[in-house]
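Close look at the chain arrangement
The chain contents come next:
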Number of protein chains: 2
Amino acid sequence: MTTTIREVLDGRWAAVRDEVRREMGGLRLDPDPDASTATYRAQVADAVAQLAASGRPRRGFPPAHGGDGDVGGVVTSFAMLGYGDLSLLVKAGVQWGLFGGALAALGTRAHHDRYLRDTIDGRLLGCFAMTETGHGSDVQHLRTTATYDPATQEFVVHTPEPGARKDYIGGAARDARMAVVFAQLVTAGTGHGVHAFLVPVRDDAGNPRPGVTISDCGVKAGLNGVDNGRLVFDHVRVPREALLDRFGSVAPDGTYSSPIDDEGRRFFTMLGTLVRGRISVAGGAGSAAEKALALAVRYGDTRRQFSNPATGEEVVVLDYLAHQRKLLPLLATSYALHVAQNDLVERMHELQEPGALDDERAQRELETRAAGIKAIGTWHATRAIQTCREACGGAGYLAENLLPALKADTDVFTTFEGDNTVLLQLVAKAVLSDHARRVGRLDPLGRARFVAGLVGDAVVERTGVRPLLDRGDLRDPAVQRRLLVAREEHLVASAAQRVRRGLAPGADRFAVFNGAQDHLLAAARAHVERIVFDSFRAVADRHPLLGRLLVLHGLSLVDADRAWFVEHGFLGARRTKALVTAVNELCAELRPHARELVDAFGIPERWLACPMLDGEHEQVAPVDARPAELSAVG
Amino acid sequence: MTTTIREVLDGRWAAVRDEVRREMGGLRLDPDPDASTATYRAQVADAVAQLAASGRPRRGFPPAHGGDGDVGGVVTSFAMLGYGDLSLLVKAGVQWGLFGGALAALGTRAHHDRYLRDTIDGRLLGCFAMTETGHGSDVQHLRTTATYDPATQEFVVHTPEPGARKDYIGGAARDARMAVVFAQLVTAGTGHGVHAFLVPVRDDAGNPRPGVTISDCGVKAGLNGVDNGRLVFDHVRVPREALLDRFGSVAPDGTYSSPIDDEGRRFFTMLGTLVRGRISVAGGAGSAAEKALALAVRYGDTRRQFSNPATGEEVVVLDYLAHQRKLLPLLATSYALHVAQNDLVERMHELQEPGALDDERAQRELETRAAGIKAIGTWHATRAIQTCREACGGAGYLAENLLPALKADTDVFTTFEGDNTVLLQLVAKAVLSDHARRVGRLDPLGRARFVAGLVGDAVVERTGVRPLLDRGDLRDPAVQRRLLVAREEHLVASAAQRVRRGLAPGADRFAVFNGAQDHLLAAARAHVERIVFDSFRAVADRHPLLGRLLVLHGLSLVDADRAWFVEHGFLGARRTKALVTAVNELCAELRPHARELVDAFGIPERWLACPMLDGEHEQVAPVDARPAELSAVG
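Residues numbered from 1 in each chain as written. Chains lettered and ligands numbered in written order. Predicted model: local features only at pLDDT ≥ 70, side-chain atom pairs only at ≥ 80, totals over all residues. Heavy atoms only, no water.

**Points about the overall build of chain A**
Summing up its helical and strand segments, chain A has 21 helices and 13 strands in all. In summary, chain A has a C-alpha radius of gyration of 26 Å against a globular reference of 26 Å for 634 residues, a match within 12%. With the principal axes as the frame, chain A shows a C-alpha extent of 90 × 65 × 45 Å. In chain A, the share of contacts with a sequence separation of at least 24, taken over all contacts with a separation of at least 6, comes to 74%. (Helix = DSSP H or I, 4+ residues; strand = E, 2+ residues; numbered from the N terminus. Rg over C-alpha atoms; globule rule 2.2 N^0.38 Å. Contact = heavy atoms within 4.5 Å.)

**Quick word on the state of the cysteines**
Throughout the structure, instances matching the rule amount to zero disulfides over all chains. Cysteine Cys388 of chain A shares no disulfide, and the gap to the nearest cysteine sulfur, in Cys392 of chain A, comes to 6.8 Å. Unpaired in terms of disulfides, Cys217 of chain B finds its nearest cysteine sulfur in Cys127 of chain B, a separation of 11 Å. Cys217 of chain B gets classed as buried once you look at its relative accessible area, which sits at 2%. (Disulfide = S-S within 2.5 Å. Buried < 20%, exposed > 50% of the residue type's maximum accessible area, 1.4 Å probe, protein only.)

**Focus: the interface of chain B and chain A**
It is common to give the size of an interface as the accessible area that goes away when the parts come together. Taken together, the contact pairs 97 residues of chain B with 98 residues of chain A. Taken together, the connections running from chain B to chain A amount to 12 salt bridges. In this structure, Glu567 of chain A engages Arg562 of chain B in a salt bridge whose closest nitrogen and oxygen atoms are separated by 2.5 Å. Counting the contacts that link chain B with chain A gives 56 residue pairs in polar contact (both at pLDDT 80 or more). (Salt bridge = Lys/Arg side-chain N within 4 Å of Asp/Glu carboxyl O. Polar contact = N/O pair within 3.5 Å; in protein donor to acceptor, adjacent residues only side chain to side chain.)

**What about the relation of the copies chain B and chain A?**
Each copy superposes on the other: chain B lies on chain A with an RMSD of 0.0 Å after a rotation of 180° and an axial shift of 0.0 Å. Such a turn and shift between the copies fits a two-fold axis. Taking the C-alpha atom as reference, chain B places Ala563 of chain B closest to the rotation axis, 2.0 Å from it. Comparing contact sets, 100% of the residues at the interface of chain B also lie at the interface in chain A, consistent with an isologous, same-surface contact. (Least-squares fit on C-alpha atoms with pLDDT ≥ 70 in both.)

**Quick notes on helix α5 (residues 86-106) of chain A**
By the largest-angle criterion, Gly93 of chain A marks the main kink of α5 of chain A, which is about 40°. Across the 21 residues of α5 of chain A, 19 count as buried, placing the element largely inside the fold. (Bend = angle between axes of the 7 residues up to and from the residue.)

**Quick notes on the confidence of the model for chain A**
Residue and element names in this part refer to chain A. Here chain A averages 91 in pLDDT, while 93% of its residues score no lower than 70. Predicted confidence for residues 617-634 stays below pLDDT 50, and this span has 41 contacts to residues more than four positions away or in other chains. Interface confidence for the predicted complex, given as ipTM, is 0.92, next to a pTM of 0.93. (pLDDT = per-residue confidence, 0-100.)

**Topic: the sheet that holds strand β8 (residues 228-233) of chain A**
Residue and element names in this part refer to chain A. As summarised here, the arrangement of the three strands in space is β4-β8-β7, forming an open sheet in which the pairing is antiparallel. Edge positions in the open sheet fall to β4 (166-170) and β7 (212-216), since each of these has one partner strand only. Ignoring strand direction, the axes of neighbouring strands in this sheet form an average angle of 35°. (Pairing = 2+ DSSP bridges. Axes fitted to C-alpha atoms, helices over the stretch in contact; angles between N-to-C directions.)

**So, the packing of helix α16 (residues 517-539) of chain A against helix α9 (residues 321-352) of chain B**
Interhelical geometry of α16 of chain A versus α9 of chain B gives an angle of 90° and a closest axis separation of 8 Å. As the angle between them shows, α16 of chain A and α9 of chain B are arranged roughly perpendicular. Facing α16 of chain A, whose interface residues are Gln517, Asp518 and Leu521 of chain A, α9 of chain B presents Leu321, Ala322 and Arg325 of chain B. Residue classes in the contact of α16 of chain A with α9 of chain B are distributed as three nonpolar, one polar and two charged. (Parallel < 35°, antiparallel > 145°, perpendicular 65-115°, else oblique. Nonpolar A, V, L, I, M, F, W, Y, C, P; charged D, E, K, R; others polar.)

**Observations regarding the sheet that holds strand β7 (residues 212-216) of chain B**
All names here are of chain B. If you trace the three strands from one edge of the open sheet to the other, you get β4-β8-β7, paired in antiparallel fashion. For this open sheet the edge positions go to β4 (166-170) and β7, each flanked by a neighbour on one side alone. Put simply, the sheet's adjacent strands are angled 35° from each other on average, direction ignored. Here five bridges tie β7 to strand β8 (residues 228-233), and the two strands are oriented antiparallel to one another. Within β8, the position partnered with Thr213 by the bridge is Val232.

**Quick notes on the pattern of salt bridges**
All names here are of chain A. Applying the stated criterion across every chain yields a total of 102 salt bridges over all chains. Ionic pairing is found between Arg17 and Asp10, a salt bridge with its closest N-O pair at 3.8 Å. In this structure, a network of salt bridges that share partners links the residues Glu19, Glu23, Arg56, Arg59 and Asp70.

**Looking at unusual backbone geometry**
Residues and elements named next belong to chain B. With phi around 50°, His235 is a residue other than glycine that occupies positive phi space. Since its relative accessible area comes to 47%, His235 is described here as partly exposed. Residues other than glycine seldom take positive phi values, yet Leu402 does so here, at roughly 75°. You can see Leu402 is positioned in the loop between α10 (360-391) and α11 (403-410).

**Thoughts on the packing of aromatic side chains**
Residues and elements named next belong to chain A. Counting across every chain of the model gives 20 aromatic pairs over all chains. On the numbers, 5.6 Å between centres and 90° between planes, the contact of Trp564 with Phe565 is edge-to-face. For the pair formed by Trp564 and Phe565, the shared burial category is buried. Among the aromatic side chains, those forming a connected cluster through ring pairs are Tyr148, Phe155 and Phe197. The lysine or arginine in question, Lys429, covers the ring of Phe268, its NZ or CZ lying 5.5 Å from the ring centre. (Phe/Tyr/Trp six-rings, centres within 6.5 Å; stacked < 30°, edge-to-face > 60°. Lys NZ or Arg CZ within 6 Å of the ring centre and 35° of its normal.)

**Regarding the pairing of strand β9 (residues 236-239) of chain A**
Residue and element names in this part refer to chain A. Of the two faces of β9, only the one carrying Val236 and Val238 is buried; Arg237 and Pro239 on the other face are not. When strand β3 (residues 154-158) meets β9, the two strands line up antiparallel, connected through four bridges. Across the sheet, residue Val157 finds its bridge partner in β9, namely Val236.

**A short note on the environment of Leu185 of chain B**
Residues and elements named next belong to chain B. Considering the arrangement of structural elements, one finds Leu185 in strand β5 (residues 178-187). Its relative accessible area of 0% is what places Leu185 among the buried residues. Considering only alpha carbons, one finds Leu185 and Phe155, 30 residues apart in sequence, at a separation of 8.7 Å. Each residue touching Leu185, except ones within four places of it in the same chain, is listed here: Ala146, Phe155, Thr190, Gly191, His192, Gly193, His195, Phe197, Leu243, Val250 and Tyr256.

**Some details on the side chain of His65 of chain B**
Following the sequence through the fold, His65 of chain B ends up in the loop between α3 (37-54) and α4 (71-81). Leaving out residues up to four positions away in the same chain, His65 of chain B has contacts with His112, Asp113, Leu116, Arg117 and Ile120 of chain B.

**Thoughts on the environment of Gln153 of chain B**
All names here are of chain B. Position of Gln153 among the secondary structure elements: in the loop between β2 (145-149) and β3 (154-158). Each C-alpha atom, one on Gln153 and one on Pro31, is 47 Å from the other, the two residues being 122 residues apart in sequence. Contact partners of Gln153, with chain neighbours within four places excluded, come to Tyr148, Pro239, Arg240 and Pro252.

**Section: the packing of helix α4 (residues 71-81) of chain A against helix α8 (residues 275-300) of chain A**
Residues and elements named next belong to chain A. Between α4 and α8, whose axes approach to 8 Å, the crossing angle comes to 40°. Between α4 and α8, the interaxial angle falls into the category oblique. Between α4 and α8 lies a crossing whose hand is right-handed. Residues Val71, Val74, Val75, Ala79 and Met80 of α4 form the contact with α8, whose participating residues are Arg276, Ile279, Ser280, Gly283, Gly284 and Ser287. (Left-handed = near helix turned anticlockwise from the far one by under 90°.)

**Quick word on helix α11 (residues 403-410) of chain A**
Burial runs high along α11 of chain A: six of the eight residues are buried. Residues Leu403, Pro404, Leu406, Lys407, Asp409 and Thr410 of chain A constitute the buried set of α11 of chain A. Where α11 of chain A is buried, its residues meet α5, α8 and α10 (360-391) of chain A together with α11 of chain B.

**Remarks on the environment of Leu321 of chain A**
For Leu321 of chain A, the location among the structural elements is in helix α9 (residues 321-352). Note on Leu321 of chain A: relative accessible area 7%, which makes it buried. In the structure, Leu321 of chain A is positioned 162 residues away from Leu483 of chain A in sequence and 27 Å away in space, judged by C-alpha atoms. In this structure, Leu321 of chain A is in contact with Asn584 of chain A together with Asn514, Gly515, Gln517 and Asp518 of chain B, ignoring residues within four places of it in sequence.

Pasting the structure below:
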């Protein structure tokens, strides 16, 4: 076996990763933590300008406009910035991912010809004005209006009420000259739903344009290198051509037309083209969690506390079982998510690269998977970084040791580019629709069998354990997968049945869905966790340590939901107690390799350097063998 | 019933709480989030001076030195600052709790006469130099030395190695003139363990004293109004009287004497007198969690997102089940911890108030309870504040809406004043010792029955459900308590048995304890959770809503560990599925009272005011009834 772990993790865009390591890995990206917000913003804006000058952002844009069309490469390259500075990642993401991406995906030839090169090169700085103060998750019901005036062939962009203010817009407070504004398109007195418009918001000198009021969101919990702001429009007129008209256009006389008749479907198709942003957030969160784990594992591998009475030597903290159980299952899950993210990026690349065929079904599947992995991955990052901070004690609380910025910067990832709870609802919706299609396709006999299956489930739940599933070694990934699949299928089928039954004629739809909300979210989570497990499993035979990490990851998943498995008869109570033992065993097996496993991420050393790791190779002299706190328990 | 919820929550020191509300509630304590660290530190130092001028810190000190001897009152009063600004709470805690507290508890008459009044009045600013870079949790093995020199009758305080540097010391970087330094006392070539010494670290002009090197820990994840620093001593000489000599003294000729012979016991007795700091941290964390819940519940009570297709009105987010399940069980647990904290403070007060009898057993119990409630309470705060931040979406990420500071400031609470994992080990140690005493006191027949009981347990686990426990309404607190008690007893007894069996002659003690570490931690947690539940239960009949909160809290505890209850035969699998339903029902019952329940904390309105709540009473017009995301699932 000659494959290294690094090769598996780096995946298809290994060369892109190495390029970032080579070209940027020597720079210190993290800011002076005592710098003012103004200074930090200026530094990040400079770094964005340097990125533009490097030409690297070209990679993601169509060749016709000077790009390389390497969609997967550019997302991979951005995610690498998550090992460095997340403000830079987000600021670059706003410029090229959100603004440039909307221009490319929602605009047509004329927009591309006129704006793309300047956007790629950073001469035109943009922002992405979707979210409003009153509408964050429910963006279909934004209140900003863009009303067509045939007399002048202009759109009038307007903020009709305080809640329609564009809010939290990255780039708006300081740098953006132009905004992609999402607004309700109205022509001839009729609304056609949300569309995107190019609206200049600042003049060349950086002053707000007439009718545009810009304010600053001020200091945030993190990401303070990004200038988030608010935009209010007072009857701002833009030419008819300002409409990004790939999915809907207005003729000079005001006639509206669209290749997609249904307004809802049109809107979600538009949103779907912007899936790259969500995938990039998942990638950035993954990098941040990996960096935190690298810091905590390296610290835990040399930090000593309390002495072993038998040897008199102080014990390295990662030798404590509780410390291993804190960090190593999270590390295994980070590996699984890393590989699942690679698969997601590859799938997006195949669907979006120049010349790819339109495949609406595949596109919907991609969006579902992106929503799910973003939700699960960003929650994982929040939990992992928090745990790593605590695992480093006081040192982890000091800005100089990098964990505080990781924690603060990633915190918003769970609620931006889609609130995680809302995203899991989208996943639930897709999974239930799929399920309905499958059941619908069954002939009457099949349908009867399907219903009988659910009844059988209920019987098993009443009587005890399903004999087939309650066998096999829980350390066997095939057994783990059977459990994960069974959970997913059971949750999806039972949620579908519950909703179907609830929706009797005259039923209160809201009450039915609301009452089933936790059930739906559990089904969505089970689906995503199974997908992530499958991604990791597909590569786990390429290196023995990957195999063990997969086992630990699978055990963690089953362990975290072991009450459910027992309650639904998938595991006997006695078996799940063996889970704890198995997790402990895997921790012991992986502990000697912990350092190697975090090194395999290939995070530039310069980006990890911090005082807490300065003494990494320092030897600590043994102290006298007084009983340590731990062993004093007896 | 005329008792209000507020009265129950305010408890014995209601008058103190009202005084803080009245006298400080009109001030805005939260700092400008864009202020530099230097400015913030200066502001907090000013606020400490104002507190000193108010005379309020006197409350906690002995009457003989101008105080009121109201130990419980002063801890209550400090905890109230957690609703305002946590930097101020910590900075005040360093001055009067840690520095003043050590002076009072470890010093004797001469120290009190000379320093207490100046300390109370803020003329003498101090810091508490215990933690070293290399020894945070294992403070018994600190490396700083204080070597007695009989020739000059001085101690020589010295930092012998880089790891012995005093680190993270609040007040050291900027303000402290004097430090209570914990160091290994050495006289006549013999070490007597860690003792505390008064060491001047700065002169009146604020410059470091000769031999003292002071550096700054710099920016931290939070609490940046506190000037944490590092102290290195190069053979600094202090007079013999600098030793705080209540538990150990050195005669002029260098002879050491102590009322406590055993060095370990002496050290832990000294530490025990400082329990007030740990209790204050638990109180501050509780206040912070309550403030976060108040912010999130009030926001969630007016924020609307997605429309109900039946009515066309946008739904208030707290009407979503998933949102209720996020916030309301945490609110119930905050209530339980609030009441348990009141009990803890009262018990401390009784043991520490002037004239209280020495009761070593009660003191040990207090320390165990303080350690446990601090650990469980600060983890709860971290989780609750994180959940509240996410529940407020983008608004929760803006500094102006107060949640970022709550999150950042409290984060270190899980690892300072004792790392939570280490604290739970202390609890485990105490609980197992108690258990051993109880078993040891049994006559041979009783002991045989006890062992048979455990064997019986094992039989039940193999065969299924314990019939007695698997009955009764899970919404009945008496049933809930039976389950919590059964879990605690089972975990403690089985952990004790495991350790006893493991410690056969020749066994590797470290391996035995390390292998059982998760078991010990689970036993400790079960013990603390039962204590907290009991505290809350004792007051729950004083108001109907308290009764419901208790039920929800109990359900949450059982639900969180339901796998364990099933695996050990305490609940049948079918019963635990009913838990989910019961939690949902309680959420629905409490939802209409959510606002009232957070108002009952009595947090000054000024301390909650933020832009996100400005529109609290704004009416939002219904939008057209297009299917909302949620109901689009069907």
